[in-house]
Amino acid sequence: MRHRRLALIDMGTNTFHLLIVELPEPSHQQPVTLLRTKVGVRLGEGGISKGEIAPAAFERALHTLVGFKEEIELHQVTEVRATATSAMRVTRNGPALAQAIFEQTGIRVEVIPGEREAELIAKGVRWAVPLGTQPHLIMDIGGGSVEFIIADATTIFWKQSFEIGAQRLLDKFFPDPSGVFPPEAVAAEQEYLTAVLAPLAAAVQQYQPVGIVGASGSFDSLADMQLGRLRTEAELPPRTELAVSSFQTSYQQLLSLTHEQRVALPGILPMRADMLVVASVLIDLVLNMTGATSIHTSAYALKEGLLAEMLEQ
């Protein structure tokens, strides 16, 4: 009897993730991870703020999916689920990219709304971080959108997706990413985010989350900076504690350096060197808003949420 093998693809605005697992018999056992990989596609670069996927990014996406398809065939996968988020949700040529992917690889891409994205992220995070009975604020900073979810181990109390991802913030507030991020740009970003995130501030007041859980991307990079080295996808534990003091140190450091100096920091992916600056302004704002004293990073997010959901069926 052939084993059931699943491939889960998460096509984010910065990064495309591929997770291949084998589902054991009997069904109550844990799935076995066969491959966990990611590619920095930067789908939002050069276009997302104008409502389109730029030609170079379009090509990178296609090329990446063709590579994923080879891995899927190599691992004799029996079922593929591919989801796409902000960049393909809001761009004029997002549907054309989904069509081109299908024509070249046979992979059907499901473009999911922000609310659904938030729900799947919460499912993935719960698998990595035991939330217990107290509400936590989960945040996932993508390139296109940021999802906020207030939840405990069993209940989602509130969730919302905001189109304020790191690529958009970079386009809006960091006209010259080769240099230092000036104080007036920090102030402008803080002012903008405070206005946009008024619904989050109200929800935080109402539910009083006790801690912050940061999913994927920027949070993994901050945890790598704390560690002083870049961890591979396979090395990442499900969760890491990120000391608030360590975050504050990294934040001040990121603000004071040029692009070249940021890239040279141990633990930094060159692709994230600039996005991490605008993302850290957002994290700092949320820390002040919640008064949270702890941050946990979760290596699990949307694709693990999708897997968790499939295992429940």
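If you're wondering where the values come from, they're calculated on a predicted model, not measured in any experiment.

Thresholds, definitions, all that
Residues numbered from 1 in each chain as written. Predicted model: local features only at pLDDT ≥ 70, side-chain atom pairs only at ≥ 80, totals over all residues. Heavy atoms only, no water. Helix = DSSP H or I, 4+ residues; strand = E, 2+ residues; numbered from the N terminus. Buried < 20%, exposed > 50% of the residue type's maximum accessible area, 1.4 Å probe, protein only. Polar contact = N/O pair within 3.5 Å; in protein donor to acceptor, adjacent residues only side chain to side chain. UniProt positions renumbered as here; feature names shortened; annotations may be inferred. Salt bridge = Lys/Arg side-chain N within 4 Å of Asp/Glu carboxyl O. Pairing = 2+ DSSP bridges. Axes fitted to C-alpha atoms, helices over the stretch in contact; angles between N-to-C directions. Contact = heavy atoms within 4.5 Å. Expected span 1.5 Å × (residues − 1). Arc of directions from axis to C-beta.

Q: Explain the side chain of His-75 to me, using residue names and the numbers behind them.
A: The topology assignment puts His-75 in the loop between helix H1 (55-74) and strand S4 (79-84). Judged by its relative accessible area of 16%, His-75 is buried. Side-chain polar atoms of His-75 contact the backbone oxygen of Glu-71, separated by 2.9 Å.

Q: Which residues make up the UniProt feature "domain: Ppx/GppA phosphatase N-terminal" (unreviewed entry) in the chain, and what are the values?
A: Under the UniProt annotation, "domain: Ppx/GppA phosphatase N-terminal" (unreviewed entry) lies at residues 31-312. Annotated as 50% helix and 18% strand, the span residues 31-312 places its first and last C-alpha atoms 12 Å apart.

Q: Which residues make up the pattern of salt bridges, and what values go with them?
A: With the rule as written, the count across this model stands at 19 salt bridges. Glu-22 is the partner of Arg-5 in a salt bridge, and the nearest nitrogen-oxygen pair spans 2.6 Å. In this pair, Arg-5 sits in strand S1 (residues 4-11) while Glu-22 sits in strand S2 (residues 15-23), placing the two residues 17 residues apart along the sequence. Arg-92 is the salt-bridge partner of Glu-52, the closest N and O atoms lying 3.2 Å from each other. One end of the pair, Glu-52, is in the loop between strand S3 (32-40) and H1; the other, Arg-92, is in the loop between helix H2 (86-90) and helix H3 (94-105), and 40 residues separate them in sequence. Exposure remark for Glu-52: the relative accessible area of 29% places this residue in the partly exposed category. Residue Arg-92 is classed as exposed on the basis of its relative accessible area of 60%. Here the salt bridges do not stand alone but share partners, grouping Arg-89, Glu-117, Glu-163 and Arg-168 into one network.

Q: Got a sec to walk through the sheet that holds S3? Specific residues and values, please.
A: With respect to topology, five strands assemble into an open sheet ordered S3-S2-S1-S4-S5, the strand pairing being mixed. Among the strands making up the open sheet, the edge pair consists of S3 and strand S5 (109-111). Across the sheet, the mean angle separating the axes of adjacent strands is 15 degrees when strand polarity is ignored. Pairing geometry for S1 and S2, over eight bridges, is antiparallel. From the neighbouring strand, Arg-4 faces S2, where its bridge partner is Leu-23. Packed on one face of the sheet, H1 meets S1, S2, S3 and S4 and runs near 15 degrees to S2.

Q: A description of helix H9 (residues 244-256) should follow, citing residues and the corresponding values.
A: Taking 1.5 Å per residue, 13 residues should reach 18 Å; H9 reaches 19 Å between its end C-alpha atoms and fits that length. Turning to H9, its buried residues are Val-244, Ser-246, Phe-247, Ser-250, Tyr-251, Leu-254 and Leu-255. Mapping the buried residues of H9 onto a view down its axis gives an arc of 165 degrees, with all of them on the same face. For H9, the exposed residues set more than 90 degrees away from the buried face come down to Ser-245 and Thr-249. Buried residues along H9 sit in contact with helix H6 (183-196), helix H8 (217-227), strand S10 (239-243), helix H10 (259-263), helix H11 (275-290) and strand S11 (294-298).

Q: Quick one: what's the story with unusual backbone geometry, residue by residue and with numbers?
A: At Gln-76, a residue that is not glycine, the phi angle is positive and equals roughly 50 degrees. One can find Gln-76 in the loop between H1 and S4. In the Ramachandran plot, Gln-208 falls in the positive-phi region, its phi being about 50 degrees despite a non-glycine side chain. Within the secondary structure, Gln-208 sits in the loop between helix H7 (198-207) and strand S9 (212-215).

Q: Give a detailed account of the pairing of S10, specifying residues and quantitative values.
A: Of the two faces of S10, the one holding Thr-240 and Leu-242 is buried and the one holding Arg-239, Glu-241 and Ala-243 is not buried anywhere. Relative to S11, S10 is paired through five bridges, and the arrangement is antiparallel. Counterpart to Thr-240 in the pairing with S11 is Thr-297.

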